[in-house]
Amino acid sequence: MEPYKANQKNKSLVIYKFWLLHVGFWVFVSGISFLSLTLWYGPYNWSHLLHMFLQAVFGVMLTIVLYSGFIRIWHAKFSCRTILGLSMVIAVSFIWTFFRIEAFILLTGQQTEWGEFGGWHFASMFIFLCWAGLFHGIRYNDLLQTEHSIMLKAEAETREEQLKRIRAQSIARDAQIKMLRYQLNPHFLCNTLNAINSLVEVGEPEKAQKMTVQLSRFLRHSLDNNPDTKITLKNEIAAINLYLEIERTRFGERLGLDFKIEDDAQIALVPSLLLQPIIENSMKHAISLNELGGMICLEARVREGRLILELSDTGSGSKIGKSKMESSKGRGVGIRNTNERLKALYQEDFSIDIDILASGGLKTTINIPWEYASTNISFVKSEGILSARDELHI
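Worth saying up front: this structure is predicted, and the values here are computed from it rather than measured.

Q: Residue-level account of the overall build of the protein chain, with values.
A: Secondary structure summary: the protein chain contains 11 helices and 11 strands in total. Here the protein chain, with 394 residues, has 38% of them falling under the buried criterion. Looking at the protein chain alone, contacts between residues at least 24 apart form 70% of all its contacts between residues at least 6 apart. About 23300 Å² of surface is accessible on the protein chain, with carbon and sulfur atoms providing 61% of the total.

Written out as structure tokens, the structure is:
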């Protein structure tokens, strides 16, 4: 309703401005006519004043007709507008001159005015040409002011977008630093290296070599990836798989994965490293604490122009307290970091919902606008990462 009210207010101001200038023009013309003609040639009586009033009223009516004609031909070619505009001015001034002389004869009884029709018509044309010039001057001034307002608004939006981007980049870098500190802590590296050592001891050098390569790829991606950009969900999942491959080697059959990604969702653009903190939360607080392991599920779909991501796990086998979930040492860290990034990128146009499942696991639902990559995408596979070269459509 607010834009509608603002639009109605602007229309009211335009109408008020039109009538103010329109009536003001004819009051000015009548005043000049009275001072330069009526008083000069005197004497005058009430019939002269009434004649002046009537010709001003009729002039107002004719210029309204002229205004409608100018509006109708406004978007025509300049040459066409010039010819039609002058033709309308000549025709309207002729009608006004005829009315003025006829009214003057009826009111004063003087019959000699028809012989001076040329002079009356010349003055009429001059008045209506002045009105046409005033109309075009005001019209072009309004257009200039509108364009200036649009330019200022565009500049303000650009500055706001730059500020949002800078803020998003700052938060993304902070999130990346926190992610690296969380991922590359001695506990994670120690467990991974111990798993590699165990594979060597039991005589499985191929698996140990594979896990070493996986660790190398994951570390390289964590250090080289730019968190300021948006990538396709397919690429984001490919990056997550680098991390999960290491964990699957560690946990074996204890770790189950169930990813259901719709085709439209695969080409959706998401902030880089969006899902990483939430997946790691599930690994640290659910899978690793459950003797039987568990499963991590990811569903992605597009509904009514929105990308919906649902991540869930089967839990650690014990109940999750809300205070622990929101604590700085619990799952709340990754969720808060994700929430801060999304707020910087989408303002209020997103949501994160967290539900505790009956199994004790956690379900995180992210709802963001569906920004998608064009269908002509070429994926290049390098180091286990898929990079998209495409044109973005929002």
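Q: Talk me through the packing of helix 2 (residues 46–72) against helix 3 (residues 78–108); I want residue IDs and the actual numbers.
A: Where helix 2 contacts helix 3, the axes come no closer than 10 Å and their chain directions differ by 160 degrees. Between helix 2 and helix 3, the crossing angle belongs to the class labelled roughly antiparallel. When the axes of helix 2 and helix 3 are compared, the crossing they make is right-handed. Residue-level contacts link Ser47, His48, Leu50, His51, Leu54, Gln55, Phe58, Gly59, Leu62, Leu66, Gly69 and Phe70 of helix 2 to Gly85, Met88, Val89, Val92, Ile95, Trp96, Phe99, Arg100, Ala103, Phe104, Leu107 and Thr108 of helix 3. For the contact of helix 2 with helix 3, the residue count by class is 15 nonpolar, eight polar and one charged.

Q: Run through helix 3, naming residues and quoting values.
A: In a regular helix each residue adds 1.5 Å, so 31 residues correspond to 45 Å; helix 3 covers 44 Å between its end C-alpha atoms and thus fits that length. Taken together, the buried positions of helix 3 are occupied by Arg81, Gly85, Val89, Val92, Ser93, Trp96, Thr97, Arg100, Ile101, Ala103, Phe104 and Ile105. The positive-phi residue at the C-terminal boundary of helix 3 is Gly109, with phi of around 80 degrees.

Q: Account for the pairing of strand 4 (residues 294–303), naming residues and giving values.
A: Bridge analysis of strand 2 (residues 255–261) against strand 4 gives seven bridges, and the strand direction is parallel. Considered in strand 4, the bridge of Gly256 is made with Met295. Here eight bridges tie strand 4 to strand 5 (residues 306–313), and the two strands are oriented antiparallel to one another. Paired with Ile296 across the bridge in strand 5 is Asp313. Linking two consecutive strands that pair antiparallel, namely strand 4 and strand 5, is a turn of two residues; a positive phi of about 50 degrees is found at Glu304 within it.

Q: Can you lay out the nonpolar core for me, pointing to particular residues and giving the numbers?
A: Counting residues in each nonpolar core, the largest one holds 40 residues, and the members touching the most others are Leu233, Leu275, Met283, Leu307, Leu309, Leu342 and Ile368. Within the residue set of this core, elements represented by two or more residues are helix 5 (186–201), helix 6 (205–224), helix 7 (233–251), helix 9 (276–287), strand 4, strand 5, helix 11 (332–346) and strand 7 (362–369). In terms of residue count, the dominant contributor to this core is helix 7 (eight residues). Those residues in contact with Leu307 that lie beyond four places of it in its chain are Ala265, Ala268, Val270, Arg301, Val302, Ile366, Asn367, Ile368, Pro369 and Trp370. Residues Val60, Trp96, Ile127 and Phe135 belong to the second largest nonpolar core, which totals 18 residues.

Q: Before we move on, can you summarise the sheet that holds strand 7 with the specific residues and values?
A: Pairing in this open sheet of five strands is mixed, and the strands run 2-4-5-7-6 from one edge to the other. Unpaired on one side and paired on the other, strand 2 and strand 6 (351–356) mark the two borders of the sheet. Neighbour-to-neighbour, the strand axes of this sheet turn through a mean angle of 10 degrees, independent of strand direction. Helix-sheet contacts for helix 7 involve strand 2, strand 4 and strand 5, and the interaxial angle to strand 2 is about 165 degrees. Across the sheet, helix 9 lies against strand 2, strand 4, strand 5 and strand 7, angled at about 155 degrees from strand 4, the strand it touches most.

Q: Residues and numbers for a nonpolar patch on the surface, please.
A: On the surface, a cluster of nonpolar side chains totalling about 440 Å² of accessible area is made up of Leu50, Phe53, Leu54, Val57 and Met61. Along the chain, the position of Val57 falls in helix 2.

Q: An account of the packing of aromatic side chains is needed here, citing residue identities and associated values.
A: Evaluated as defined, the whole model comprises 12 aromatic pairs. Relative to Phe135, the ring of Trp74 lies with its centre 6.2 Å away and its plane at 90 degrees, an arrangement referred to as edge-to-face. With Trp74 in the loop between helix 2 and helix 3 and Phe135 in helix 4 (residues 117–183), the pair connects residues that are 61 residues apart, well separated along the chain. Across the pair, Phe135 and Trp74 agree in class, each one buried. Connected via pairs of aromatic rings, a cluster forms that spans Tyr67, Phe70, Trp74, Trp131, Phe135 and Tyr140. Cation over ring: Arg81 sits above Trp74, and NZ or CZ is 4.3 Å from the ring centre. For the cation-ring pair, Arg100 lies above Trp96, with the distance from its terminal atom to the ring centre recorded as 4.5 Å.

Q: Please set out the environment of Glu161 residue by residue, giving values where relevant.
A: Here Glu161 is to be found in helix 4. Among the residues examined, Glu161 registers a relative accessible area of 39% and is labelled partly exposed. Through-space distance from the C-alpha of Glu161 to that of Leu345 is 9.5 Å; in sequence the pair is 184 residues apart.

Q: Give me the environment of Leu309: which residues, what numbers.
A: By the secondary structure assignment, Leu309 is in strand 5. When its relative accessible area of 0% is taken as the criterion, Leu309 is described as buried. Linking Leu309 and Ile352, residues 43 residues apart in sequence, is a C-alpha distance of 9.6 Å. Once residues lying within four places of it in the same chain are set aside, the contact partners of Leu309 are Leu233, Leu274, Leu275, Glu299, Ala300, Thr364, Thr365 and Ile366.

Procedures and definitions
- Residues numbered from 1 in each chain as written.
- Predicted model: local features only at pLDDT ≥ 70, side-chain atom pairs only at ≥ 80, totals over all residues.
- Heavy atoms only, no water.
- Helix = DSSP H or I, 4+ residues; strand = E, 2+ residues; numbered from the N terminus.
- Buried < 20%, exposed > 50% of the residue type's maximum accessible area, 1.4 Å probe, protein only.
- Contact = heavy atoms within 4.5 Å.
- Areas by Shrake-Rupley, 256 points an atom, 1.4 Å probe, with all protein chains shown as cover.
- Axes fitted to C-alpha atoms, helices over the stretch in contact; angles between N-to-C directions.
- Parallel < 35°, antiparallel > 145°, perpendicular 65-115°, else oblique.
- Left-handed = near helix turned anticlockwise from the far one by under 90°.
- Nonpolar A, V, L, I, M, F, W, Y, C, P; charged D, E, K, R; others polar.
- Expected span 1.5 Å × (residues − 1).
- Pairing = 2+ DSSP bridges.
- Core = buried A, V, L, I, M, F, W, Y, C linked by side-chain atoms within 4.5 Å.
- Patch = residues over 30% accessible without salt bridge, like charges linked within 9 Å, V, L, I, M, F, W, Y side chains within 5 Å.
- Salt bridge = Lys/Arg side-chain N within 4 Å of Asp/Glu carboxyl O.
- Phe/Tyr/Trp six-rings, centres within 6.5 Å; stacked < 30°, edge-to-face > 60°.
- Lys NZ or Arg CZ within 6 Å of the ring centre and 35° of its normal.

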